[in-house]
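Observations on the model geometry
The residues making up each chain are set out below.
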Amino acid sequence: MAGEANEDVKAMSFEQALDALEKIVDDLERGDVPLDQSIRIYERGEALKVHCDRLLKAAEDKVEKIRLSRDGKPVGTEPLDAD
(Lines give C-alpha, C1' and ligand atoms only; values in the text may rest on other atoms or scores of the structure.)
Protein backbone atom coordinates (compact mmCIF):
# COMPACT_ATOMS: atom_id res chain seq x y z
CA MET A 1 0.00 0.00 0.00
CA ALA A 2 2.66 2.54 0.99
CA GLY A 3 4.82 1.43 -1.94
CA GLU A 4 2.04 2.24 -4.39
CA ALA A 5 1.48 5.65 -2.81
CA ASN A 6 5.18 6.47 -3.22
CA GLU A 7 5.52 5.22 -6.80
CA ASP A 8 6.04 8.81 -8.06
CA VAL A 9 9.26 9.05 -6.02
CA LYS A 10 11.10 6.95 -8.63
CA ALA A 11 10.52 9.63 -11.28
CA MET A 12 11.87 12.49 -9.13
CA SER A 13 15.21 14.15 -9.66
CA PHE A 14 17.58 14.29 -6.70
CA GLU A 15 16.69 17.93 -6.09
CA GLN A 16 12.95 17.27 -6.18
CA ALA A 17 13.26 14.34 -3.80
CA LEU A 18 15.46 16.31 -1.41
CA ASP A 19 13.00 19.23 -1.39
CA ALA A 20 10.12 16.84 -0.66
CA LEU A 21 12.13 15.18 2.11
CA GLU A 22 12.93 18.56 3.69
CA LYS A 23 9.23 19.47 3.67
CA ILE A 24 8.38 16.20 5.39
CA VAL A 25 10.99 16.86 8.08
CA ASP A 26 9.60 20.36 8.60
CA ASP A 27 6.04 19.02 8.87
CA LEU A 28 7.02 16.32 11.37
CA GLU A 29 9.13 18.72 13.45
CA ARG A 30 6.21 21.13 13.71
CA GLY A 31 4.32 18.40 15.54
CA ASP A 32 0.84 19.46 14.46
CA VAL A 33 0.30 16.63 11.98
CA PRO A 34 -2.23 13.95 12.98
CA LEU A 35 -0.74 10.56 13.85
CA ASP A 36 -2.07 8.66 10.83
CA GLN A 37 -0.79 11.36 8.48
CA SER A 38 2.55 11.41 10.31
CA ILE A 39 2.95 7.70 9.66
CA ARG A 40 2.14 8.12 5.95
CA ILE A 41 4.53 11.01 5.44
CA TYR A 42 7.24 9.24 7.45
CA GLU A 43 6.92 6.24 5.10
CA ARG A 44 7.14 8.62 2.14
CA GLY A 45 10.23 10.16 3.70
CA GLU A 46 11.83 6.73 3.91
CA ALA A 47 11.09 6.15 0.21
CA LEU A 48 12.57 9.55 -0.64
CA LYS A 49 15.71 8.81 1.40
CA VAL A 50 16.24 5.49 -0.37
CA HIS A 51 15.75 7.20 -3.73
CA CYS A 52 18.24 9.98 -2.87
CA ASP A 53 20.79 7.41 -1.68
CA ARG A 54 20.42 5.48 -4.94
CA LEU A 55 20.84 8.63 -7.05
CA LEU A 56 23.90 9.70 -5.05
CA LYS A 57 25.50 6.29 -5.48
CA ALA A 58 24.88 6.44 -9.23
CA ALA A 59 26.44 9.92 -9.38
CA GLU A 60 29.48 8.73 -7.40
CA ASP A 61 29.93 5.84 -9.82
CA LYS A 62 29.79 8.22 -12.80
CA VAL A 63 32.29 10.62 -11.22
CA GLU A 64 34.62 7.71 -10.48
CA LYS A 65 34.42 6.50 -14.07
CA ILE A 66 35.05 10.01 -15.45
CA ARG A 67 37.98 10.51 -13.11
CA LEU A 68 39.55 7.23 -14.08
CA SER A 69 39.19 7.85 -17.79
CA ARG A 70 40.60 11.39 -17.95
CA ASP A 71 44.10 10.30 -19.00
CA GLY A 72 42.70 7.57 -21.19
CA LYS A 73 44.60 4.84 -19.37
CA PRO A 74 42.86 2.38 -17.09
CA VAL A 75 44.53 2.42 -13.70
CA GLY A 76 41.99 0.39 -11.75
CA THR A 77 39.44 1.79 -9.37
CA GLU A 78 39.55 3.70 -6.14
CA PRO A 79 36.74 4.75 -3.82
CA LEU A 80 35.41 8.22 -4.48
CA ASP A 81 36.04 9.16 -0.85
CA ALA A 82 39.54 7.92 -0.16
CA ASP A 83 39.66 8.19 3.62
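In this text the structure is predicted, and so the values were computed from the model without any measurement.

This brings us to the environment of Ser13. Within the fold, Ser13 resides in the loop between helix H1 (2-5) and helix H2 (14-30). The exposure class assigned to Ser13 is partly exposed, which follows from its relative accessible area of 28%. For the pair Ser13 and Leu55, spaced 42 residues apart in the sequence, the C-alpha separation amounts to 8.3 Å.

Turning to the pattern of salt bridges, a few remarks are in order. Within this structure, the stated rule accounts for eight salt bridges. Glu7 is paired through a salt bridge with Lys10; the nearest N and O atoms lie 3.3 Å apart. Looking at Glu7, the relative accessible area reads 44%, which means it is partly exposed. For Lys10, a relative accessible area of 56% gives the class exposed. The partner of Lys49 in a salt bridge is Asp53, and the shortest N-O contact between them spans 3.0 Å. With Lys49 and Asp53 both in helix H3 (residues 35-69), this residue pair falls four residues apart, about one helical turn. You can call Asp53 partly exposed: its relative accessible area is 41%. Here the residues in one salt-bridge network are Lys23, Asp27, Arg30 and Asp32, joined through shared partners.

Judged by side-chain charge, Glu15, Asp19, Glu22, Asp26 and Glu29 come together as a negatively charged surface patch. Considering the arrangement of structural elements, one finds Asp26 in helix H2.

The next subject is the environment of Val33. By the element assignment, Val33 lies in the loop between H2 and H3. Overall, the relative accessible area of 15% leaves Val33 in the buried class. Excluding anything up to four places from it in sequence, Val33 contacts Asp27, Ser38 and Ile41.

Definitions and limits used
Residues numbered from 1 in each chain as written. Predicted model: local features only at pLDDT ≥ 70, side-chain atom pairs only at ≥ 80, totals over all residues. Heavy atoms only, no water. Helix = DSSP H or I, 4+ residues; strand = E, 2+ residues; numbered from the N terminus. Buried < 20%, exposed > 50% of the residue type's maximum accessible area, 1.4 Å probe, protein only. Salt bridge = Lys/Arg side-chain N within 4 Å of Asp/Glu carboxyl O. Patch = residues over 30% accessible without salt bridge, like charges linked within 9 Å, V, L, I, M, F, W, Y side chains within 5 Å. Areas by Shrake-Rupley, 256 points an atom, 1.4 Å probe, with all protein chains shown as cover. Lys, Arg positive; Asp, Glu negative; His and termini not counted. Charge placed at Lys NZ, Arg CZ, Asp CG, Glu CD. Contact = heavy atoms within 4.5 Å.

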